[in-house]
Amino acid sequence: MNVQRRLLPNTAALAAFEAVARLGSFTAAARELDLTQGAVSRQINLLEEQFGRRLFERDSRNVRLSPPGEIYAEAVRLALGQLRDAALGLMSNRHSGVLNLAILPTFGTRWLMPLIPDFVVRHPDITINFATRIGRFDFARERLDAAIHHGMPDWPEADCTLLMREAVMPVVSPEFLATRAIVTPADISRLPLLHMATRPGAWSEWFEHQGLEAPTGPGMQFEQFGTVAQACMAGLGVALLPEILIAGELQRGQLVPAPGTPMQSSSAYYLVVPHDKHGHPPVAMFRDWLLGQIGKEPSVLAW
């Protein structure tokens, strides 16, 4: 067997290996792949003979990856995922390409999604696949081309394009406001405060902006702004929310401003593109379109 062939096993063997590695069972892998257990076992044996390495440790009850098998399994999962993505892109969009985009849950659903039909009309040959991510991640491992990120423009090995800054304001439900004496920002410090887990210092920063000392008592904590807004509308307390994400609730009167001036957050929204995706046409088209929607010139900060 020549070197090239030895380094490139057939995809059927790789699929069998990945299934057994993931499921920890030849029987379960055979069921998933619609093969016999013997056929799966033969594919694994072929791989082990081809590489001269044992990929699994077997006993009468269990099958588990050997140390070399664990290393190889991670690479195989990534490779098979890339092949699936490429095949999907080829079948669904022959002329332009696919954009795999990570979005923030609330920003994505409340601000971005209502605008996406315009992008689809302008670029019908580009298919966007959306994934929800909070915080940083490995673009290569996640097989994502770009991300909309809230924070600072310090993502390693990526370009951060400023989309918009953010003003936050304290809000309550009309019923909550009607049953409590809330006249000044100082009154808010004596009320139940609703906190975002990803922004633990937001309330302290806002009170400092008002020239007040922040309260130290505990408060309810949430992971997504949509949930905070629902809790606030239910009358559970005062929430500090970005104006851009609660425009609908404010317009409908479901939330009302509490006393105090809005504060511009120290962080902002960015489109993050890893350096190796900078020339990917769907990324460039989406970036230009997005900046056109916002009506700003690009402000790129490379790290």
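Residues numbered from 1 in each chain as written. Predicted model: local features only at pLDDT ≥ 70, side-chain atom pairs only at ≥ 80, totals over all residues. Heavy atoms only, no water.

Honestly, the overall build of the chain in this entry has me stumped. Any pointers?
A count of helices and strands for the chain gives 14 helices and 12 strands. Relative to the compact-globule value of 19 Å for 303 residues, the chain shows a C-alpha radius of gyration of 26 Å, a clear excess of over 25%. The C-alpha extent of the chain, read off along each of the three principal axes, is 80 × 50 × 35 Å. For the chain, the accessible area works out to roughly 16,500 Å², and carbon and sulfur atoms hold 54% of it. For the chain, the centre of its 27 positive side-chain charges and the centre of its 30 negative side-chain charges are spaced 8 Å apart. (Helix = DSSP H or I, 4+ residues; strand = E, 2+ residues; numbered from the N terminus. Rg over C-alpha atoms; globule rule 2.2 N^0.38 Å. Areas by Shrake-Rupley, 256 points an atom, 1.4 Å probe, with all protein chains shown as cover. Lys, Arg positive; Asp, Glu negative; His and termini not counted. Charge placed at Lys NZ, Arg CZ, Asp CG, Glu CD.)

Could you clarify how one ought to interpret empty space enclosed by the protein in this entry?
Empty space among the atoms becomes visible once a probe the size of a water molecule is rolled across them. One pass over the full model with this rule turns up 1 cavity of 30 Å³ or more. In this structure, the largest cavity occupies an estimated 40 Å³ of space. Lining of the largest cavity is provided by A102, L104, R133, G135, F137, A147, I148, H149 and W155. If you tally residues by element for the lining of the largest cavity, the top one is strand β5 (residues 146–151), at 3 residues. Tallied by class, residues from the lining of the largest cavity come to 6 nonpolar, 2 polar and 1 charged. (1 Å grid on protein atoms, 1.4 Å probe; cavity = no way out; pocket = protein on both sides within 12 Å on 5 of 7 lines; lining within 4 Å. Points joined across faces, edges and corners; volume = space filled by probe spheres on them. Nonpolar A, V, L, I, M, F, W, Y, C, P; charged D, E, K, R; others polar.)

Which parts of the structure should I look at to understand the nonpolar core?
Most often, soluble globular proteins keep nonpolar side chains buried together rather than apart. Among the nonpolar cores identified, the biggest contains 39 residues, and L101, L112, L241, F286 and L290 are the most heavily contacted of them. For this core, the element with the most residues is helix α14 (residues 281–294), which contributes 6 residues. Ignoring any residue separated from it by four or fewer positions in sequence, one finds L241 in contact with A167, V168, M169, V171, F225, V228, A229, I246 and L255. Counting residues in hydrophobic clusters, the runner-up holds 21 residues, among them F17, V40, F51 and A73. (Core = buried A, V, L, I, M, F, W, Y, C linked by side-chain atoms within 4.5 Å. Buried < 20%, exposed > 50% of the residue type's maximum accessible area, 1.4 Å probe, protein only. Contact = heavy atoms within 4.5 Å.)

Is there a simple way to explain the pairing of strand β3 (residues 97–103) in this structure?
Consecutive side chains of a regular strand alternate in pointing toward one face of the sheet and then the other. Summarising burial for β3: 7 of the 7 residues are buried, a large majority. Alternating positions in β3 separate into two faces, G97, L99, L101 and I103 on one and V98, N100 and A102 on the other, with burial throughout. In the sheet, β3 pairs with strand β4 (residues 126–132) via 7 bridges, with the strands oriented parallel. Note on β4: the bridge partner recorded for G97 is I126. Inspection of the sheet shows β3 paired to β5 by 2 bridges, in the parallel sense. Looking at the pairing, A102 lines up with A147 of β5. (Pairing = 2+ DSSP bridges.)

I keep staring at helix α11 (residues 202–209) and nothing clicks. Help me out?
Helical geometry note: an α-helix holds 3.6 residues per turn, so side chains three or four residues apart project in the same direction. Three or more residues of α11 are buried, namely W203, W206 and F207. Down the axis, α11 shows its buried residues gathered within 95° of arc, on one side only. The secondary structure elements touched by the buried residues of α11 are β6 (158–172), α10 (185–188), β7 (193–196), β9 (238–242) and β11 (263–274). Immediately downstream of α11, the backbone of G211 shows phi near 80°, a positive value. (Arc of directions from axis to C-beta.)

What is the right way to read the pattern of salt bridges from this model?
Pairing between side chains becomes possible if they bear opposite charge and their charged atoms approach one another. Summed over the entire model, instances satisfying the criterion amount to 12 salt bridges. For R58, the salt bridge is made with E48, and the minimal N-O distance between the two is 3.4 Å. Here the residue R58 occupies a position in strand β1 (residues 56–58), and E48 occupies one in helix α4 (residues 37–51), the gap between them amounting to 10 residues. Take R58: its relative accessible area is 34%, and that puts it in the partly exposed class. When salt bridges that share partners are traced, they join E18, R22 and E32 into one network. (Salt bridge = Lys/Arg side-chain N within 4 Å of Asp/Glu carboxyl O.)

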